[in-house]
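Next come the chains, spelled out residue by residue.
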Amino acid sequence: MRTAIMIALVVLAGSTGDVLITKGMKQVGEISTVRLTEFGQTLKRILLSAYFQMGVLCMAVSFFAFLAVLSWADLSFVVPATSLSFVITTGGAKLFLKEHVSTLRWTGTLLVCLGVALISLP
Amino acid sequence: MKTAIVLILAIAAQTAGGVILTKAMHGVSASGTDETIWLLAVRSIESPAVWLGTALLIVFFALYAAALSWADLSFVLPATSFGYVLNVACGHYFLNETVSPTRWAGSVLIFAGVMLVSRSGVRAVNPAPVTIEGLAKESE
């Protein structure tokens, strides 16, 4: 039960982090030119974005929950379980970022999720 | 085209970072027995390879975030999972890890999944999806 709760935390915090970071980056706008003066300005805007900061915080929570669960559970159980995050994050992108996820993209994402689960089995 | 280049660099940095960190951390823990976690931490900080591996992972995150500034999350996330396949291959060739048939099967599934996702376009918010090929034509 403790393991299930921790894995849920790893997945949910990670997916939330990804969605928030995307929201922050979309707000800052497309990074296209690589000029040093502009780069400093853009970097400042990214680091000051509240969405970006919350996203990084969520990622950190997810990472430490991952380390914690590894202290008692097997990596070959934890990684396949966390591969669910591919599907959860795609759902989050559709729901909160209004991304259009076509059948093709869903199929690919499911294959990736399955593949990541297989790869981490012993 | 820009998305493809940035994501390929990101995946390369992530894979190289992972391999270098694994090698470095194996060295750190093998260099003594019966040690505390603090000793391990101190020895990790002193290892240049640990710094190099960490720096490469930071490069990965910067490129990943940059790609998210214009591409869909539901595109970038599955696309970067190709790194898992590279990791298996690199673990096999550089770290002499044995790769089970299950693991190779998983790699094939991920490869197929990434191919499908990459055909769905970088940014599919618009009615007409923007594909990598389309972006390449645009920039010509």
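These lines cover the structure that appears in this document, whether it is placed above or below.

### Topic: the overall build of chain B
Counting its regular elements, chain B contains 7 helices and 0 strands. For chain B, the succession of helices and strands along the chain, N to C, is α-α-α-α-α-α-α. Out of the 140 residues belonging to chain B, those deemed buried represent 39%. Taking as baseline every contact in chain B between residues at least 6 positions apart, the subset at least 24 positions apart corresponds to 69%. When the accessible surface of chain B is totalled, it reaches about 7600 Å², and 72% of it is carbon and sulfur.

### Observations regarding the layout of surface pockets
Size it by volume and the second largest pocket reaches roughly 480 Å³. Residue lining of the second largest pocket: 20 residues in total, with A:Ile31, A:Phe39, B:Ala62, B:Leu63 and B:Ala66 positioned closest to the centre. For the lining of the second largest pocket, the secondary-structure elements that each account for two or more residues are helix H2 (36-48) of chain A together with helix H1 (2-30) and helix H3 (48-68) of chain B. With 6 residues, H3(B) is the largest single contributor of residues to the lining of the second largest pocket.

### Quick notes on helix H5 (residues 82-94) of chain B
All names here are of chain B. Between its first and last C-alpha, H5 extends 18 Å over 13 residues, near the 18 Å set by a 1.5 Å rise per residue. Turning to H5, its buried residues number three or more, namely Gly 83, Val 85, Val 88, Cys 90 and Gly 91. Just downstream of H5 lies Asn 96, where phi reads positive at about 55°.

### Quick look at the interface of chain A and chain B
The interface of chain A with chain B comprises 36 residues on the first partner and 37 residues on the second. On the chain A side of the interface with chain B, the three residues burying the most area are A:Lys26, A:Arg105 and A:Ile119, jointly 23% of the side's total. Inspection of the region where chain A meets chain B yields 2 salt bridges. For A:Arg105, the salt bridge goes to B:Asp72, with nearest N and O atoms at 2.9 Å. One can count 13 residue pairs in polar contact (both at pLDDT 80 or more) joining chain A with chain B. Listed by contribution, the elements that provide at least two residues to the side of chain A that touches chain B are helix H1 (2-28), helix H3 (50-70), helix H5 (85-96) and helix H6 (103-119) of chain A. Broken down by element, the side of chain A that touches chain B gets its largest block of residues, 12 residues, from H6(A). Partitioned by chemical class, the residues of the side of chain A that touches chain B number 19 nonpolar, 12 polar and 5 charged.

Rules used throughout
- Along every chain, residues carry numbers that run from 1 in the direction the sequence is written.
- Chain letters and ligand numbers both follow the written order, the letters beginning at A and the numbers at 1.
- Totals for whole chains, interfaces and linings use every residue, but because this is a predicted model, local features are given only for residues with pLDDT of at least 70 and side-chain atom pairs only at 80 or more, for both listing and counting.
- Where side-chain values are given, they derive from all heavy atoms of the structure, hydrogens and water being excluded.
- A run of DSSP states H or I qualifies as a helix once it reaches four residues; a run of E qualifies as a strand once it reaches two. Both are numbered from the N-terminal end.
- Only protein chains enter the accessibility calculation, which uses a 1.4 Å probe; a residue whose area is less than 20% of its type maximum is buried, one above 50% is exposed, and one in between is partly exposed.
- Whether two residues touch is decided by their heavy atoms; if any such pair falls within 4.5 Å, the residues are in contact.
- To measure how exposed things are, a 1.4 Å probe is used in the Shrake-Rupley method; for residues, cover is taken only from the protein chains shown.
- Cavities and pockets were defined on a 1 Å grid built over protein atoms only: a cavity is a set of grid points that admits a 1.4 Å probe from which the probe cannot escape, a pocket is an open set flanked by protein on both sides within 12 Å along at least five of seven lines, and lining residues are those with an atom within 4 Å of any such point.
- Grid points are joined across faces, edges and corners, and a volume is the space filled by probe spheres set on the points.
- By this rule, a helix spans an expected 1.5 Å times one less than how many residues it contains.
- Accessible area that two parts lose when put together, with a 1.4 Å probe and added across both, is what the buried area reports.
- Salt bridges are counted wherever a side-chain nitrogen of Lys or Arg sits within 4 Å of a carboxyl oxygen of Asp or Glu.
- Polar contact is the term for a pair of N or O atoms within 3.5 Å; when the atoms are in protein, one must be able to donate a hydrogen and the other to accept it, and sequence-neighboring residues count only if both atoms are side-chain atoms.
- Ten residue types, Ala, Val, Leu, Ile, Met, Phe, Trp, Tyr, Cys and Pro, are classed as nonpolar, four, Asp, Glu, Lys and Arg, as charged, and the remainder, Gly among them, as polar.

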